[in-house]
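Residue strings, one per chain:
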Amino acid sequence: MTEAPSIRTLDRLRAAAQAACRARRPEGQPVVRVGLATCGIAAGALDTAEAFRKAIAEAGIDARVETTGCRGHCYAEPLVVIDHPASGFPPILYPEVTPGKAGMLTRFFLGEGDPRFEHMLGATVANELIPSVLEFGRFNREQRLVMDRCGRLDPQSIDDYLADGGYGALARVLAGSPQAVVAAVGAAGLRGRGGAGFPTGRKWELAAAGSAPLRYVVCNADEGDPGAYMDRTLIESNPHQLLEGLAICAYAVGACQAIIYVRAEYPLAVKTLESAIAAAEARGLLGPEVLGTAFAIQVSLFQGSGAFVCGEETALLRSVAGFRGTPTHRPPYPAQKGLGGHPTVIDNVKTLATIPVIVERGAEAFRAVGTPDSPGTAIFSVVGDVVHPGLVEIPMGVTLRELIFDICGGVPGKKRFKAVQIGGPSGGCLPADLLDTPVDFDALSEAGAMMGSGGLVVMDEHTCMVDVARYFLEFTRNESCGKCTFCRLGTCHMLAILERICRGQGRMEDLERLERLARDVRDGSLCGLGRTAPNPVLTTLRYFRDEYEAHVVDQRCPGLSCRPLTAFYIDLEKCARGCDACVGCCPVDAVFTTRTRKKGIDQSLCVKCGECMVACPPEYDAVRRISPAHLAPVIERPPAAEAKT
Amino acid sequence: MIEIRVDGQPIAVCPGANLLEACLAAGIYIPHLCHLPGLPAAASCRLCFVALGDRPDPVPACTVAVQPGLEVLTDTPAVRRLQRSALELLLSAHTIDCRRCPANRRCALQRIARFLKVPLKRPDLPPLDPPGGPPGTGGELVVDPSHCVLCGRCVRTCRRLHGHSRLTFAGRGQRTVVTDWVETGPAIRCTDCGACIEVCPVGAIRLAPGANDPES
């Protein structure tokens, strides 16, 4: 049987890539892999990589330093994997490798073969010598379909991706008909990972229908939610998987132009994509005659200037066309009438990166993961008050409790869990009672939150839910494009009410007015962002109404976080004589010494920054926070003359 | 011609016609600010909501193309709730000083408020400060942000008449203003046609003092 030309071409490319990888990596040579995505770099991974290079050169050890993308374990950055086959140990994962640790590991592990057990997180594979990271929930509860190669491959090297089986899905697809791809994606039941969860197969069908002379594919990488960074990590860690998905999508719907709309605030993602596109074009994986077939795809980058609303598909298209990024009424949907009036498929980075997985494994295998209505995996960026924050890829249907407590280690510092905010400014806050909600599109919408792009912020008992609603609403108010009445003005009035409540000046009728406004903005706004902007307010009003009422009725902030409603005082039972830690750190000289040489806080001067609470040594732990503010015990400041003596 | 029913009353319209225009032509008033006949719907004022027979949520009439047998309701509680809310929001950002306003008695806001029985002077919401900065930026046209309702009719009319617009939106969110585009200088000249002043529903645009008066 003769193979299709695309598969033959790919086999040839892959053989060349494998040869190049072998040439680059001598057998048995120790290798240090440093995660160099934006998160790693922020934690100092560039210095770590440099320290490894320097130490290896100085010690004259035969080893090489490689860069990889992000493994998603943000709590442990800079993360380093050292593979030293000659030592007899499996590849070992080291967390928080500072330049100092880099020198130490080079000397002991690379030089003397001692892996320094006290510094390691574990081996990356199961073995008989040392514990493997696969024994931890944070590793073994994940199921990495889409992020499988993130952190394993060098994102700058197309050879790595090809040698690892990359672009196989594209070659396979090119050997068949476009209709077969659309049918496979439809059969897999993939739903758009950008937030709304629209079935991707149906979107492609819509765009592929009819006889349009020109069609476009747009990848939406305008990730704007505070606390969400899945798209950035995917691009920075494995750009070729996205490009492969993009090419498959273009082939399926009959497009020959693809645009990746990426934020200019992601400079590393832009750079990675630019070099990946150039490398793929050089190998004939993109451009004219992809893999020796008649299929042509031209991929270009469009850098968005960081308007949150441009993540909305119609606003994104206006922005690409060179206009103000404002949404337009749907229908017509972009899949019918998009860029320049041509059918345009707009898919999120995660959606497109999932496509090669579906083609490789088949629709049936994909459906086997997750729930019947939301098949596949979900990628969350879990941040906030949680022990092991980072990117987590889990099958749909896992409950929030498993995700937060079993996988991410729960809330640190023995504090109680209060709420989890899912889906960014468009999502909602769910209380502890709803922790058993499974993570899938429909269950989350039912609870009032939404999948959104996958940002998940965990909040402990010291979070004020009114303040959380105020924070997200302030974000949407600032990011409103100003086109439609409800979003432009409704969010302003809602924010004004929330600010009043946080200051303790709210009235009970404010709650009613807030709820009414929130419902009107939800029902009346033009685009998805306006329609979902009130979600944080609606869900906090629904699940944490008692906190709103405490602010309004008792002037009390249950989370002890709204400054005007709280006060700091010093517990004289616990305060130590002669310790001046709090005095030294107070920026406004509100801390004074009492007659007994213990300390007091002058409430009229205190700006409630909380520095004294941080400075008070843990063995005394004398600074207390209380709400409402008038409950703070009054400690008289001794007359000035007396204080001096 | 096809027949649709609006509030139970049959009206004959051309197939594919705009629902808002069809209703207005048939003498059924639906509050609206931003719609311009013949141009694609901006759907930004959020006033012309109607309920369509088969859909529970109100939709802006300006975005609907009529189909045979369409059932339209213009006076459901959900429709009126959204319309009143939108009008109250617009009034909260509009300086209410009708007696000194040149648009007094022909102002669209006055008409809509009368129609929806929303009082002008006692809006349900505290007034918002108008976007900062002096009105206009020194060109021939002055747009008063404390009166402008950001319907965009002036911008789209100018673009339709001249191929490009002398007026444009600037800023975003509540700070959005319509402003005179002076940066490009002589490339986009104001022809003093006065069309923008004509289409403004609230009288927020006037010629700058010293600029040519179209009537002189």
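Every value quoted in this text rests on a predicted model; they were computed, and no experiment measured them. (Residues numbered from 1 in each chain as written. Chains lettered and ligands numbered in written order. Predicted model: local features only at pLDDT ≥ 70, side-chain atom pairs only at ≥ 80, totals over all residues. Heavy atoms only, no water.)

### What about the overall build of chain B?
Secondary structure assignment for chain B yields five helices and nine strands. Put simply, chain B runs from its N terminus to its C terminus through helices and strands in the order β-β-α-β-β-β-α-α-β-α-β-β-α-β. Out of the 216 residues belonging to chain B, those deemed buried represent 52%. The long-range fraction of contacts in chain B, counting pairs at least 24 apart against all pairs at least 6 apart in sequence, stands at 59%. Accessible surface computed for chain B: about 10600 Å², of which carbon and sulfur atoms make up 54%. (Helix = DSSP H or I, 4+ residues; strand = E, 2+ residues; numbered from the N terminus. Buried < 20%, exposed > 50% of the residue type's maximum accessible area, 1.4 Å probe, protein only. Contact = heavy atoms within 4.5 Å. Areas by Shrake-Rupley, 256 points an atom, 1.4 Å probe, with all protein chains shown as cover.)

### Digging into the overall build of chain A
A count of helical and extended segments in chain A gives 26 helices and 18 strands. Its C-alpha atoms give chain A a radius of gyration of 28 Å, near enough to 26 Å, the size a compact globule of 645 residues would have. Sequence-distant contacts, at least 24 apart, represent 71% of the contacts inside chain A between residues at least 6 apart. Only carbon and sulfur atoms are counted for the fraction: they give 52% of the accessible area of chain A, which is about 24900 Å². (Rg over C-alpha atoms; globule rule 2.2 N^0.38 Å.)

### Considering the interface of chain B and chain A
Counting residues at the interface gives 29 residues for chain B and 28 residues for chain A. When the buried surface of chain B facing chain A is broken down by residue, B:Arg46, B:Leu89 and B:Arg172 rank first, second and third, together holding 25% of it. In this assembly, chain B and chain A are joined by three salt bridges. One salt bridge connects A:Asp523 with B:Arg81, and the closest N-O pair in it is separated by 2.7 Å. (Buried area = accessible area lost by both parts, 1.4 Å probe. Salt bridge = Lys/Arg side-chain N within 4 Å of Asp/Glu carboxyl O.)

### So, the pattern of salt bridges
When the charged atoms of two side chains with opposite charge come close together, those side chains can pair. Residues and elements named next belong to chain A. Going through the model one piece at a time under the given rule, you end up with 44 salt bridges over all chains. Between Arg-507 and Glu-509 there is a salt bridge, and its shortest N-O distance comes to 3.4 Å. Between Arg-522 and Asp-523 there is a salt bridge whose closest N-O contact spans 3.2 Å. On the basis of relative accessibility, which here comes to 32%, the residue Arg-522 falls in the partly exposed class. Connected through salt bridges with shared partners, the residues Arg-24, Arg-25, Arg-33, Arg-64, Glu-66 and Asp-160 form a single ionic network.

### Topic: the packing of aromatic side chains
Given two aromatic rings, one states the distance between the centres and the angle between the planes to describe the pair. Under the criterion given, the structure shown has 11 aromatic pairs over all chains. Ring centres of B:Tyr29 and B:Phe115 lie 4.9 Å apart, and the angle between their planes is 80°; this geometry places the pair in the edge-to-face category. With B:Tyr29 in the loop between α1 (19-25) and β3 (49-52) and B:Phe115 in helix α3 (residues 108-116), the pair connects residues that are 86 residues apart, well separated along the chain. Accessibility expressed as a relative area gives 31% for B:Phe115, which makes it partly exposed. Put simply, the rings of A:Phe89, A:Tyr94, A:Phe109 and A:Phe117 pair up and form one aromatic cluster. Directly above the ring of A:Tyr266 sits A:Arg232, whose terminal nitrogen or CZ lies 5.8 Å from the centroid. One residue, A:Arg318, lies across the ring of A:Phe323, its end atom 4.3 Å from the ring centre. (Phe/Tyr/Trp six-rings, centres within 6.5 Å; stacked < 30°, edge-to-face > 60°. Lys NZ or Arg CZ within 6 Å of the ring centre and 35° of its normal.)

### Here's the deal with helix α1 (residues 5-24) of chain A
Taking 1.5 Å per residue as the helical rise, α1(A) with its 20 residues ought to reach 28 Å, and the 29 Å between its terminal C-alpha atoms agrees with that figure. Against the buried residues of α1(A) lie α6 (158-163) and α7 (168-174) of chain A. (Expected span 1.5 Å × (residues − 1).)

### Side note on the domain arrangement of chain B
Put simply, an interface is often sized by how much accessible area is lost when its parts join up. All names here are of chain B. Structurally, chain B comprises domain 1 (2-76) and domain 2 (141-207). Taking the mean C-alpha position of each, domain 1 and domain 2 sit 27 Å from one another. With 10 residues of domain 1 at the interface, the matching set in domain 2 holds eight residues. Area buried by domain 1 at its contact with domain 2 is led by Leu-33, Leu-36 and Leu-39, which between them contribute 65% of it. Seen at the junction of domain 1 and domain 2, the total is zero salt bridges. Between domain 1 and domain 2 we count three residue pairs in polar contact (both at pLDDT 80 or more) in total. (Domains from an automatic or database assignment. Polar contact = N/O pair within 3.5 Å; in protein donor to acceptor, adjacent residues only side chain to side chain.)

### Re the pairing of strand β11 (residues 390-395) of chain A
Summarising burial for β11(A): six of the six residues are buried, a large majority. Turn length for the strand β10 (residues 377-384) of chain A-β11(A) hairpin, with the two strands adjacent in sequence and antiparallel, is five residues. (Pairing = 2+ DSSP bridges.)

### Considering the confidence of the model for chain A
With 99% of its residues at a pLDDT of 70 or more, chain A has an overall mean of 93. Within chain A, no element has a lower average pLDDT than helix α26 (residues 640-644) of chain A, which sits at 54, and none a higher one than helix α11 (residues 239-253) of chain A, at 97. (pLDDT = per-residue confidence, 0-100.)

### Some points on the sheet that holds strand β7 (residues 257-263) of chain A
Picture the strands of a sheet paired through backbone hydrogen bonds; they go either parallel or antiparallel. All names here are of chain A. With respect to topology, four strands assemble into an open sheet ordered β8-β7-β6-β9, the strand pairing being parallel. Only two strands of the sheet have a single partner each, and these edge strands are β8 (298-304) and β9 (344-348). Neighbour-to-neighbour, the strand axes of the sheet open up by a mean angle of 20°, direction not taken into account. Two elements, β7 and β8, share seven bridges in a ladder whose sense is parallel. Residue Arg-263 lies in a different strand from β8, and its bridge partner there is Gly-304. Running over the sheet, helix α14 (residues 349-361) touches β6 (216-221) and β9 and is turned about 90° from β9. (Axes fitted to C-alpha atoms, helices over the stretch in contact; angles between N-to-C directions.)

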